[in-house]
Amino acid sequence: MLTRIYHVTYYLDIRSAYFQFAGCNFSCPWCIRRLTPWDHHLDSRTLASLRAGGFLSLRAFQEVADKLVSDGMEEAVLGGEEPTVDDALPAVIRHLAGRARVRLLTNAYRLTAELLDELRRCATCEVVVSIKTLDAEKHREYTGKPLEPVLRNISALVEAGVRTLFETVLIPGLNGPEGVERIAKYLRENVGDAVLIIDPLIPVPGTGWRRPTEEELRDAVERAQRYVAVRMHGEGRRSRSVVVYPSQLLHKA
Ligand code: SF4
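Here the structure is a predicted model, which is why all the values come from computation and not from measurement.

A.B. asks: Explain the side chain of Asn25 to me, please; I cannot follow it from the model alone.
C.D. replies: Relative to the elements of secondary structure, Asn25 occurs in the loop between β2 (16-21) and α1 (44-49). You can call Asn25 buried: its relative accessible area is 16%. A distance of 2.9 Å separates a polar atom in the side chain of Asn25 from a polar atom in the side chain of Asn107. Beyond its immediate stretch of four places on either side in the chain, Asn25 contacts Glu82, Thr84, Val85, Asn107, Tyr109, Arg110, Thr143 and Lys145.

A.B. asks: I'm lost on the pattern of salt bridges in this one. Help?
C.D. replies: Enumeration according to the criterion identifies 19 salt bridges in this entry. Residue Lys185 is joined to Glu189 by a salt bridge in which the shortest nitrogen-to-oxygen separation is 3.2 Å. Placement of the pair is Lys185 and Glu189 together in helix α7 (residues 177-190), with a separation of four residues, close to one helical turn. The exposure class assigned to Lys185 is partly exposed, which follows from its relative accessible area of 37%. For Glu189, a relative accessible area of 54% corresponds to the exposed category. Residue Arg210 is joined to Glu216 by a salt bridge in which the shortest nitrogen-to-oxygen separation is 2.7 Å. A residue is classified by how much of its surface remains accessible, and Arg210, at 40% relative accessible area, is partly exposed. Residues participating in the shared-partner salt-bridge network are Glu178, Glu181, Asp219, Arg223 and Arg226.

A.B. asks: It is not clear to me how helix α8 (residues 214-225) should be interpreted in this structure. Could you clarify?
C.D. replies: Side chains three or four residues apart in an α-helix point the same way, a direct result of the helix having 3.6 residues per turn. In this model, α8 (12 residues) spans 16 Å end to end at C-alpha, consistent with the 16 Å of a helix rising 1.5 Å per residue. Residues of α8 that are buried: Glu216, Leu217, Ala220, Val221, Arg223 and Ala224. The arc enclosing the buried residues of α8, seen along the axis, measures out at 165°, which places them on a common side. Opposite the buried face of α8, by more than 90 degrees, sit the exposed residues Glu214 and Glu215. Against β6 (164-170), α7, β7 (195-200) and β8 (229-232) lie the buried residues of α8.

The rules behind each value
Residues numbered from 1 in each chain as written. Predicted model: local features only at pLDDT ≥ 70, side-chain atom pairs only at ≥ 80, totals over all residues. Heavy atoms only, no water. Helix = DSSP H or I, 4+ residues; strand = E, 2+ residues; numbered from the N terminus. Buried < 20%, exposed > 50% of the residue type's maximum accessible area, 1.4 Å probe, protein only. Polar contact = N/O pair within 3.5 Å; in protein donor to acceptor, adjacent residues only side chain to side chain. Contact = heavy atoms within 4.5 Å. Salt bridge = Lys/Arg side-chain N within 4 Å of Asp/Glu carboxyl O. Expected span 1.5 Å × (residues − 1). Arc of directions from axis to C-beta.

Right, here's the structure in full:
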C-alpha cells in the first residue's frame, strides 16, 4: 500500500519528526505550499538540493518511523498539505501510536469513521484543527469548500474524546483580529476549555495578502484570550533540522 508521504524531516533538539503528505481538499490562496513543497524551515541550500523521491509505501514509512524511534524520536507530526486525504492515514497512526506522541495537523474537512476510531483508540495522539474563518461565504470562496463539515467534524472529535487543539492564521482583511475573536468565542461556546494557536500569515508573493503588524497580532491575541488559552505558532519549538526523506545522499549518487 502506498501512502501519500513524500517528505520527512527531523528536528534534532526536540526529537520530533515531521511527516508531510501530498494533496489537499482545500485551495487556500495563502497556502505556504505555494512557496515550496518542502519543509520551509530548512535552509535555502538544503531546499535547493532536494528532488522528489516519490511516495513512501506503508512498509517504507514503517521502516523510517522505526529507525527514528530507535534514534530517539519522541514525537511525530503529520502534516504537510492535508494528511486526511490519504487513505493510509489510519494505518500510519496505528503504527505510530504507542511508539511516539502523534500530532495530526488537519483542516478537518474529511474525517472517516476509520480515522475517528483510530484517533479515539490512540492515547498518544492529539489533533490540531486549522480553522480558516467562521465566515461561511469567505470559507467557500477561499478554500473552495463549505465550512459546515469542518464544524461537524470538530464536534465529532471532541465528542469522541480525542484531544483536540485549534489553530488559525491571522490574515488582515480575511481573518483579522475580529475573525480570530469570533473563532475563540465559538470554541468557548462549543468546545469549552480550548487551546487556540495563532499563526501570523507568511505572505505568498502575488496573492495580495500581507503579514499582520505586531499591533494586529497583539490585538488578536488579547481578543482570543478572553475566551480560550492562546499559544503562538512555534513557541518553544526552535531546533536544528535534517532531511530524512527524500535522501539527499541518494540523489547525489
Ligand atoms: S488547508 Fe492547508 S494545505 Fe490545504 S490549501 Fe489550505 S493552507 Fe494549504
